[in-house]
Amino acid sequence: MHRRLSFVAAATLLSLPAQALAAEDRAFDVPKGSLSTALPVISRQAGVSISVVDAKLWQARIKRVHGRMSVEEAIQRLLKGSDARAVRVSATSWRIESRPLAPRLAHRPAPPPRQVPQPRAREPSQDMVAAAQDEIIVTASKTDLPYSHFAGVVTQLSGGDLAFGGERGMESILSRTATVSSTHLGSGRNKLFIRGIADSSFTGPTQSTVGQYLGDIRLSYNAPDPDLRLYDVDNVEILEGPQGTLYGAGSLGGIIRVVPKAPDPRAMSVQAIAGVSLTQHGDPGGDIAAIANLPVGDNGHALRLVGYMLTDGGYIDNPLRGQNDVNRVHVRGGRGAFRFDAGDDWTVDLGGVFQSIKSSDAQYADKAADPLTRNSMVEQNASARYGLGTIVVMKDWDGLHFQSSNAFIDHRLFERFDASLPEAPPGSVVTAGAVDVERLFAPVQVTPLSTVPRVLDQRNATRMFVSENRLSRPYHDGLGWVVGASFIDNRARQNREYGYGPLRAVLPGVTNKITEVTGYAEATVEVMPDLVAAGGIRLSHARLGGMAEGVSFALSQEGRATTASRSETDLLPSFSLLATPLHNLRLYARYQEGFRPGGLAVDGNFVRRFLNDQVRTWEAGVRFGDKGQSLFDASIAVSHSRWRNIQADFIDSTGFPTTANIGDGRITSVSGALAMRPTEALTFELGAVYNHSRVDDLALEILPVFDSAPGRLGRIPNVASHAVRGSVNYATVIGDEDFRLNGWANYVGPSRLGIGPVLGESQGDYIDTGLAMRVGNDRRGLSLTLTNLFDSRGNRFSLGTPFVEGNAGFMTPLRPRTLRIAVDVAY
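Here goes a summary of the coordinates provided. (Residues numbered from 1 in each chain as written. Predicted model: local features only at pLDDT ≥ 70, side-chain atom pairs only at ≥ 80, totals over all residues. Heavy atoms only, no water.)

Turning our attention to the sheet that holds strand β13 (residues 210-214). One open sheet accounts for five strands, arranged β10-β15-β16-β13-β14; its pairing is mixed. The sheet is open, and its two borders are formed by β10 (154-158) and β14 (217-218), each paired with just one other strand. Examined bridge by bridge, β13 and strand β16 (residues 254-260) share five bridges and lie parallel to one another. Looking at β16, one finds that Y213 is bridged to R257. (Pairing = 2+ DSSP bridges. Helix = DSSP H or I, 4+ residues; strand = E, 2+ residues; numbered from the N terminus.)

Okay, the pairing of strand β30 (residues 531-549) next. Two strands pair when backbone bridges link them, and strand β29 (residues 503-528) and β30 are joined in this way by 19 bridges, in the antiparallel orientation. Paired with G519 across the bridge in β30 is L539. Counting the residues in the hairpin turn of β29 and β30 gives two residues, including D530, whose phi is positive at 70 degrees.

Another aspect to go through is empty space enclosed by the protein. This structure, assessed with the given rule, holds 18 cavities of 30 Å³ or more. If you trace the largest cavity, you find 43 residues lining it, with R168, E171, D312, R796 and R815 closest to the centre. Of all the secondary-structure elements, those providing two or more residues to the lining of the largest cavity are α4 (170-174), β17 (269-279), β18 (285-296), β19 (301-312), β20 (329-343), β43 (762-776), β44 (780-787) and β46 (818-826). Taken together, the residues of the lining of the largest cavity sort by class into 11 nonpolar, 19 polar and 13 charged. Its boundaries defined by the atoms lining it, the second largest cavity holds a volume of some 460 Å³. V180, S181, S182, V748 and Y766 are, among the 34 residues lining the second largest cavity, the residues nearest its centre. Elements with a contribution of two residues or more to the lining of the second largest cavity: α4, β11 (180-182), β40 (682-698), β41 (722-734), β42 (737-752) and β43. (1 Å grid on protein atoms, 1.4 Å probe; cavity = no way out; pocket = protein on both sides within 12 Å on 5 of 7 lines; lining within 4 Å. Points joined across faces, edges and corners; volume = space filled by probe spheres on them. Nonpolar A, V, L, I, M, F, W, Y, C, P; charged D, E, K, R; others polar.)

A few words now on a nonpolar patch on the surface. A surface patch of nonpolar side chains, amounting to about 430 Å² of accessible area, comprises F624, L631, F632, M676 and F684. Mapped onto the elements, L631 comes out in the loop between β35 (613-624) and β36 (632-644). (Patch = residues over 30% accessible without salt bridge, like charges linked within 9 Å, V, L, I, M, F, W, Y side chains within 5 Å. Areas by Shrake-Rupley, 256 points an atom, 1.4 Å probe, with all protein chains shown as cover. Salt bridge = Lys/Arg side-chain N within 4 Å of Asp/Glu carboxyl O.)

The next point concerns the nonpolar core. Counting residues in each nonpolar core, the largest one holds 36 residues, and the members touching the most others are I173, V236, I238, I256, L388 and I409. Per-element tally for this core: the top contributor is strand β23 (residues 382-397), with four residues. Of all hydrophobic cores here, the second largest spans 24 residues; its members include V65, V71, L79 and A84. (Core = buried A, V, L, I, M, F, W, Y, C linked by side-chain atoms within 4.5 Å. Buried < 20%, exposed > 50% of the residue type's maximum accessible area, 1.4 Å probe, protein only.)

Applying the stated criterion across every chain, the model contains 39 salt bridges. Taking the shortest distance from any N to any O, the salt bridge between D199 and R596 comes out at 2.8 Å. One end of the pair, D199, is in the loop between β12 (192-194) and β13; the other, R596, is in strand β32 (residues 585-596), and 397 residues separate them in sequence. Classification of D199 by relative accessible area gives buried; the value is 1%. Taking the relative accessible area as the measure of exposure, R596 reaches 0% and is therefore buried.

Take the packing of aromatic side chains next. The full count for this structure, using the stated rule, is 10 aromatic pairs. An angle of 70 degrees between the planes, with centres 5.7 Å apart, marks the rings of F575 and W618 as edge-to-face. Of this pair, F575 sits in strand β31 (residues 563-582) while W618 sits in strand β35, and the two are 43 residues apart along the sequence. In this structure W618 comes out as exposed when scored by relative accessible area, which is 51%. Three or more aromatic residues joined by ring pairs form one cluster here, namely F575, Y591 and W618. The ring of Y364 carries R374 above its face, with NZ or CZ at 4.6 Å from the centroid. (Phe/Tyr/Trp six-rings, centres within 6.5 Å; stacked < 30°, edge-to-face > 60°. Lys NZ or Arg CZ within 6 Å of the ring centre and 35° of its normal.)

A few words on helix α1 (residues 35-46). Its 12 residues place the ends of α1 15 Å apart at the C-alpha level, agreeing with the 16 Å of an ideal helix rising 1.5 Å per residue. Extensive coverage of α1 is indicated by the burial of 11 of its 12 residues. One or two residues past the end of α1 sits G47, with phi positive at roughly 70 degrees. (Expected span 1.5 Å × (residues − 1).)

In this section: the packing of α1 against helix α2 (residues 71-79). Orientation of α1 relative to α2, taken along the N-to-C sense of each, is 170 degrees, at an axis distance of 11 Å. Between α1 and α2, the interaxial angle falls into the category roughly antiparallel. Touching L35, A38, I42 and A46 of α1 are V71, A74, I75, L78 and L79, all from α2. When its residues are assigned to classes, the contact of α1 with α2 shows nine nonpolar, no polar and no charged. (Axes fitted to C-alpha atoms, helices over the stretch in contact; angles between N-to-C directions. Parallel < 35°, antiparallel > 145°, perpendicular 65-115°, else oblique. Contact = heavy atoms within 4.5 Å.)

Across 20 bridges, the pairing between strand β27 (residues 455-476) and strand β28 (residues 479-500) is antiparallel. Paired with R459 across the two strands is N495, which belongs to β28. Taking the residues that link successive antiparallel strands as the turn, the β27-β28 hairpin has two residues, and the phi of D477 there is positive, at about 55 degrees.

A few words now on the side chain of Q363. For Q363, the location among the structural elements is in the loop between β21 (346-359) and β22 (365-366). Classification of Q363 by relative accessible area gives buried; the value is 13%. There is a polar contact of 3.1 Å between the side chain of Q363 and the side chain of N327. If near-sequence neighbours (up to four positions away) are discounted, Q363 is found in contact with L185, G186, Y315, I316, N327, V329, T812 and P813. (Polar contact = N/O pair within 3.5 Å; in protein donor to acceptor, adjacent residues only side chain to side chain.)

Remember that the coordinates give geometry; whether it matters functionally is a separate question.
Dropping the structure here:
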């Protein structure tokens, strides 16, 4: 259906002027040694980000810093007598560079006597191999381990890169990495996967395979990705899994750790962003956000606030209901943090997050219909509400760091699916899975059910309390370690019901409870020059319980699998070696384990009990090049995983999604990345991943569902066999303004939707492209972004609704070509 583009007016945001930067004394205790070991310590104690431009400076010898003083004085004392100097980049960031011997210019005439604006440091790389200034330390290691001593490949995305071109939540991360993938039911409803560890397309009782964190706070347990918007973020770290030793259950594929910017007691600042977007074949959208940092008093206290509203215009038409652009999405949310300096190097952070997502209708289209069209009898709206409250207590003393992170999470999700029945012959009995619908509504005089649209409503409610307490020695002088204990109490409830106009038929649901107590320890030691070893262990004890919801009294009296409880204990070891035979060459090998506890899942009128699953992974890799300094740097990693008792969702014999242990599998993954920097202004990046997976030992109890023989199930679902990402980044200074241009193209290879014959649909095999540009400076800017340059359709996800009988197949297309124009201001 042809439709001209719609236009809307952009809003202009005004902000309050900022106060001048204030100097504040802090307590410092930084041991002498090399810059690489001291930098993480002083960065944390100062509460600022410090980048290093020249890789040769990492081994520079620095002096001890002890006592109360300003951040500037502490950094100057640290570098005194060395060949390095510190340059203030902003109120919360510094850059360390080589001290020039004399003014010099290469291949350029002498500048005129007038003052010339100095170009800023080159924009950080935004792909898989980041520059040195982006990867100062791997904070997700919990020992502030320098990347040069980390056995693995860490993806670190800077907050500036994620916001460049428009903030899109998890989509901003997916478009910048080849190893992270997702389902595409809709914002707030998706499941994430890393390195081919994928279980299913639905959000059921199984725990996530990817651990998501905001700072050191776990965001969810067995709920979908909350898709929090990434405004005012310092960086995002992605560690490929398993990461069971440090992060426990639910990190089979790895972790995604979002590090928000901390409140800054030294200066007031206000930022604002506003944009409008125009979608071809669809409705317009817009976004607006504000960020404020407010010092409170003169004792080191500060408040930081973030608020935002976004609307994504719809582009799917539903001719059957006479509606156009039905899949509009509204996002509202905010984040707040108050930092309290309690004295004697004690710091208390109080924080909160709230976000609401409302989807007017589903995101999928019919394969057999016209492009961007779906014929559905009902509106399939969805809503997600996420709330988080946090208390984090920290203290530094004598080279040690203590941290207690505590949070309460409330996560609600409502989903409506089209479950309309096909036309039935007169006098026939209509059933809903195992539910006799005519009998349920026998006392009520209604129109024949075959002509009434039917919906299935599903409600998930998750409440979780999590607490982690740890003591660590940040890595320096060849040693770093961490010991800790954590407690998790999670309760997840899922209810479902059919709806026929005003009538409702309750279907069986399930409640899962888990209480987990864990202790862990890990140490990293430089056993000899150029050889680093790490090892750790985690002991987890979990008590699981569950019960069926909405089961008839007669069935519950029979006790037929309506309740269950048990305890399980898991031991997760890990070890790794990292060798540096040459200055710019690093070889590593590591072994890790991960697990997920079992639970209960709905199975017809009963519940199905499923067991815990476990992943064991061997990985080896090589990293080459000085990051950000040499002409190119690269990495390649090969991993092999053995997955036992795979927990997966599939369509059971009654037509409903359920969960079971489907068998054992093997996954081999090869990933690589390359970055080339022919000039200081120009960067080319390329990343790729190949996954080969098989379910090679199908569980006998589910063979009747699949009508198959053992070993015939095929590859693990929802993960493309291969994916490639390429990007180019150009940054320079034109007059008094910065100019940046970034273009990217992502190819996502083919995959299958799920497990079993009903979910055997193919998906993937498409290319996504984009181009972003910004002109401005630190105080103001104008940006232009164009996504899906060729207006391609593709098929990101083949699941529309599993409850419509006889459908011809579904597809979730890419958002059509979209233009976004935005302004940003800061004071």
